[in-house]
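# Remarks on the overall topology
What follows is the residue order along each chain.
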Amino acid sequence: MAASMRPYQPRSLGFLPKRMAFSTWVDHLAFGYDLVGALEPEVLVELGTQTGVSYFCFCQSVVEHGLAARCFAVDTWRGDAHTASYDETVWDEVRAHNDANYAHFSTLRRMLFEEALAEFEQESIDLLHIDGYHTYEAVRGDFERWYPKVRPGGIVLFHDIAARLLDFGAWRFWSELTATHETFWFKHGFGLGVLRKPGSVRRAPLLDFLFSKDERTVSDLRAFYVHAAEHLELLRKKRRLMTARAQKGSGH
Amino acid sequence: MEHLYLPPSLRYFVPLRVEQGTPGAHACFEYDLVAAKRPETVVDLGSGDGTSFSVFCQSMRDHEVDGLAYAIDTWANDEGEGEATRTALNNFLHSNFRGFAYLLKHSSEDALSHFADRSVDLLRIDARRVDRPLLQVLDAWSPKLKAESVVLCAGLSENSDVLATWKGRMPHGLVLRGGGGLGASVHEVASMMGGDFLPLASSNDDADRERWVTFYEHAALHHALRFEVMGHGGALYRKRA
């Protein structure tokens, strides 16, 4: 018999997000959920939260993996030229969801990213998600200001690195980063870049796959999370169908 | 160790034949098994409506396996519907898998003489449909199996005697849940690798086996969801009359 070998079957395959809103991040929920479980961050920071689809996925994972993390969402919740401005209901919903589910470890900081910088010590953040304004200059600025705050071995996520629209430039900055850093990227869901800061690294199957030098592993991981995204979508659609049937059955 | 495993059944498999209102509970396992083993000779004893047999054939076609597949059944015990079932399956095979898929209207015993010793790479037995006790069928067909061939047995969990017989005779391998249960085991493991289908080659202990079983439960759920959520529009799945 061969050496013991088990299929990778992460917990995201059975997870349903509590917080849903329209977001192109929806295709990365399974990965975001598993990444938190694998990395076990002590400090997690998201720059650009808007409706909270990604941020509350991280928070839900913290709870469901039984982790002792502190999480921070930084946003003005007033929108920018890419999201367009939105009214206060987005902030009200996000705050209500946070208060109801995660207030004991999650803090919403309603301010500019630069204003929040001083609240974090150097090399203190285990997981940083950069999803603010998407021009080349903005993404580069966010990274350069916040990277010193990331702990060695910590991970930085960049959303929309495959998006080619308006004056988005995340893709161009990402292509520069890949030349100089340890990186992996997903092509689906408008692209999600994963960058690891050098230093002592945590061992976990997902982290080993992410930063494997083996091309087959890299392409298999991409395919796996496309599958996981589809599975989550099917579970959500099934839930909607059942809700619709129940409402129809009860005469609504 | 954990292995990143995303088999063909979860990459591109869309079952052509969906007879029971949902894809077969073990269709993913059967599809991946054929993709990995690339059998030259497949024998399916107790094919019934051909749900499993059609998966074998589809995987052979999709993966360009240059083999032959035989569906064997008397189609005698189906409340008068046996002949219609056989005809429908025959038409389906003719339309989709022409040239390598055959129906043999025989009992498992009568079919023996049509196969040479050590010639079968994949043998499936549906314990609910064969006319002899499982142990007799296994004993009778054992000489026909090649080394490292794979034996599947459907209907294991519907009868505790059948399950006990299977486990006594085939202590290694997996027993998948759902769909009446499916036993899967490698006959005469010759090499250290134990064959080329990872779920059967690497199942060393109960914990490993459980992980493979739950993985294929996930795969079955995924296809059932696709069928339920997307199938009604007919875009992905089509139910054949």
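It should be emphasised that the depicted structure is a prediction, and the values quoted were computed from it without experimental measurement.

Secondary structure assignment for chain B yields nine helices and eight strands. Taking 2.2 N^0.38 as the reference for a compact globule, 241 residues should give roughly 18 Å; the C-alpha atoms of chain B span a radius of gyration of 17 Å, in line with that estimate. The C-alpha extent of chain B, read off along each of the three principal axes, is 45 × 40 × 35 Å. For chain B, buried positions account for 56% of its 241 residues. Here the contacts in chain B between residues at least 6 apart in sequence split such that 77% fall between residues at least 24 apart. Roughly 10,200 Å² of accessible area belongs to chain B as shown, and the carbon and sulfur atoms make up 50% of that amount. Side chains of chain B carry 24 positive and 33 negative charges; the gap between the two charge centres is 4 Å.

Counting secondary structure elements, chain A contains eight helices and eight strands. For chain A, the spread of C-alpha atoms along the three principal axes comes to 60 × 60 × 40 Å. Per-residue burial for chain A yields a buried fraction of 54% across its 252 residues. Taking the intrachain contacts of chain A between residues at least 6 apart in sequence as the baseline, contacts between residues at least 24 apart amount to 77%. Surface exposure of chain A reaches about 11,300 Å², of which carbon and sulfur atoms provide 52%. When the 30 positive and 33 negative side-chain charges of chain A are each reduced to one mean point, those points stand 6 Å apart.

Soluble, globular proteins show a tendency: their nonpolar side chains are buried together. Membership of the largest hydrophobic core comes to 92 residues, with the highest contact counts inside it found for F31(A), L210(A), Y225(A) and F29(B). Among the elements that take part in this core, helix α1 (residues 29–39) of chain A stands out by supplying eight residues, more than any other. For Y225(A), the contacting residues outside a window of four places in its chain are Y8(A), P10(A), S12(A), A30(A), F31(A), D34(A), F186(A), H188(A) and L206(A).

Turning to the side chain of T51(B), a few remarks are in order. Assignment of secondary structure puts T51(B) in helix α3 (residues 51–62). Of note is the side chain of T51(B), whose polar atom sits 2.8 Å from the side chain of D49(B).

Moving on: helix α6 (residues 170–180) of chain A. Residues and elements named next belong to chain A. All of the buried residues in α6 are A170, F173, W174 and L177. Down the axis of α6, the sector holding all buried residues measures 100°, keeping them to one side. Against α5 (136–146), β6 (150–159), β7 (182–186) and β8 (192–196) lie the buried residues of α6.

Every contact between the two is made by 27 residues of chain A and, on the other side, 31 residues of chain B. Around 3,100 Å² of area is buried between chain A and chain B when both sides are counted, 61% of it from carbon and sulfur atoms. Where chain A meets chain B, there are five salt bridges. Where E228(B) meets R245(A), a salt bridge forms, and the shortest distance between an N and an O atom there is 3.3 Å. Across the chain A-chain B interface, the total number found is 15 residue pairs in polar contact (both at pLDDT 80 or more). Listed by contribution, the elements that provide at least two residues to the side of chain A that touches chain B are β1 (6–7), α7 (205–210) and α8 (215–249) of chain A. At 15 residues, α8(A) tops the list of elements feeding residues into the side of chain A that touches chain B.

Here we come to unusual backbone geometry. Residue and element names in this part refer to chain A. Positive phi values are uncommon outside glycine, yet Q50 reaches one of about 50°. Relative to the helices and strands, Q50 is located in the loop between β2 (43–47) and α2 (53–64). Its identity is not glycine, yet E123 carries a phi of approximately 50°, on the positive side. Given a relative accessible area of 43%, E123 falls into the partly exposed group.

Here we take up the packing of aromatic side chains. Under the definition given, this model contains 34 aromatic pairs over all chains. Both rings, one in F31(A) and one in F186(A), keep their centres 4.7 Å apart while their planes meet at 65°; by these two values the pair is edge-to-face. In this pair, F31(A) sits in helix α1 while F186(A) sits in strand β7, placing the two residues 155 residues apart along the sequence. Note on Y70(B) and Y102(B): the rings are 5.9 Å apart at their centroids and 20° apart in plane angle, and the pair reads as stacked. Here Y70(B), found in strand β3 (residues 68–73), pairs with Y102(B), found in strand β4 (residues 101–105); they are 32 residues apart in sequence, far enough to count as distant. Note on Y102(B): relative accessible area 40%, which makes it partly exposed. Site record: aromatic cluster; members linked through ring pairs are Y8(A), F31(A), F184(A), F186(A), F209(A), F224(A) and Y225(A).

Close reading of the predicted structure is inappropriate where its pLDDT is low. All names here are of chain B. Of the residues in chain B, 90% have a pLDDT of 70 or more, and the chain-wide mean is 89. Taken together, the stretch residues 232–241 has pLDDT below 50 and engages in 22 contacts with residues farther than four places along the chain or on a different chain. Taken together, the chains of this predicted complex give a pTM of 0.91 and an interface ipTM of 0.89.

Another point: the pairing of strand β8 (residues 182–186) of chain B. Residues and elements named next belong to chain B. By the criterion of burial, β8 is predominantly enclosed, with five of the five residues buried. Direction of pairing for strand β6 (residues 145–154) relative to β8: antiparallel, over a ladder of five bridges. Its bridge partner lying in β8, L152 is registered against A184. For strand β7 (residues 174–176) and β8, the ladder comprises three bridges, and the chain directions are antiparallel. Bridge assignment links V175 to a residue of β8, and that residue is G183. Counting the residues between successive antiparallel strands, the hairpin from β7 to β8 contains five residues, one of them, G178, with a positive phi of roughly 80°.

Parameters and conventions
Starting afresh in each chain, residues are numbered from 1 along the sequence in its written order. Lettering of chains starts at A and numbering of ligands starts at 1, both following the order in which they are written. Selection of residues for local features in this predicted model requires a pLDDT of at least 70, selection of side-chain atom pairs for listing and counting requires 80 or more, and totals for whole chains, interfaces and linings are taken over all residues. The basis for the side-chain values is all heavy atoms of the structure; hydrogens and waters are excluded. Put simply, DSSP H or I for four residues or longer makes a helix, DSSP E for two residues or longer makes a strand, and each gets a number counted from the N terminus. Taken over C-alpha atoms, the radius of gyration is set against a globule rule of 2.2 Å times the number of residues to the power 0.38. Residue burial is assigned from relative accessible area. The probe radius is 1.4 Å, only protein chains are included, and a residue is buried under 20% of its type maximum, exposed over 50%, and partly exposed in between. Only heavy atoms enter the contact rule, under which two residues are in contact if any of them lie within 4.5 Å. With residues, only the protein chains shown are counted as cover, and all accessible areas are computed by Shrake-Rupley using a 1.4 Å probe. Charged-residue counts in this description rest on Lys and Arg as positive and Asp and Glu as negative, His and the chain ends being excluded. Charge positions come from single atoms, namely NZ of Lys, CZ of Arg, CG of Asp or CD of Glu. For the purposes of this section, nonpolar cores are sets of buried Ala, Val, Leu, Ile, Met, Phe, Trp, Tyr and Cys residues that join through side-chain atoms within 4.5 Å. For this analysis, a polar contact is any N or O atom pair within 3.5 Å, provided that within protein one partner can donate a hydrogen and the other can accept it, and provided that sequence-adjacent residues contribute only side-chain to side-chain pairs. What the arc covers is the set of directions going from the helix axis to the C-beta atoms. Summed over both partners, the accessible area (1.4 Å probe) lost when two parts come together is defined as the buried area. Take a side-chain nitrogen of Lys or Arg and a carboxyl oxygen of Asp or Glu: if they are within 4 Å of each other, that pair is a salt bridge. Aromatic rings from Phe, Tyr and Trp, with only the six-membered ring used for Trp, were paired whenever their centres fell within 6.5 Å, and each pair was classed as stacked if the ring planes differed by under 30 degrees, edge-to-face if by over 60, and tilted otherwise. pLDDT measures the predictor's confidence residue by residue and takes values from 0 up to 100. Two strands are said to pair when DSSP picks up at least two bridges between them.

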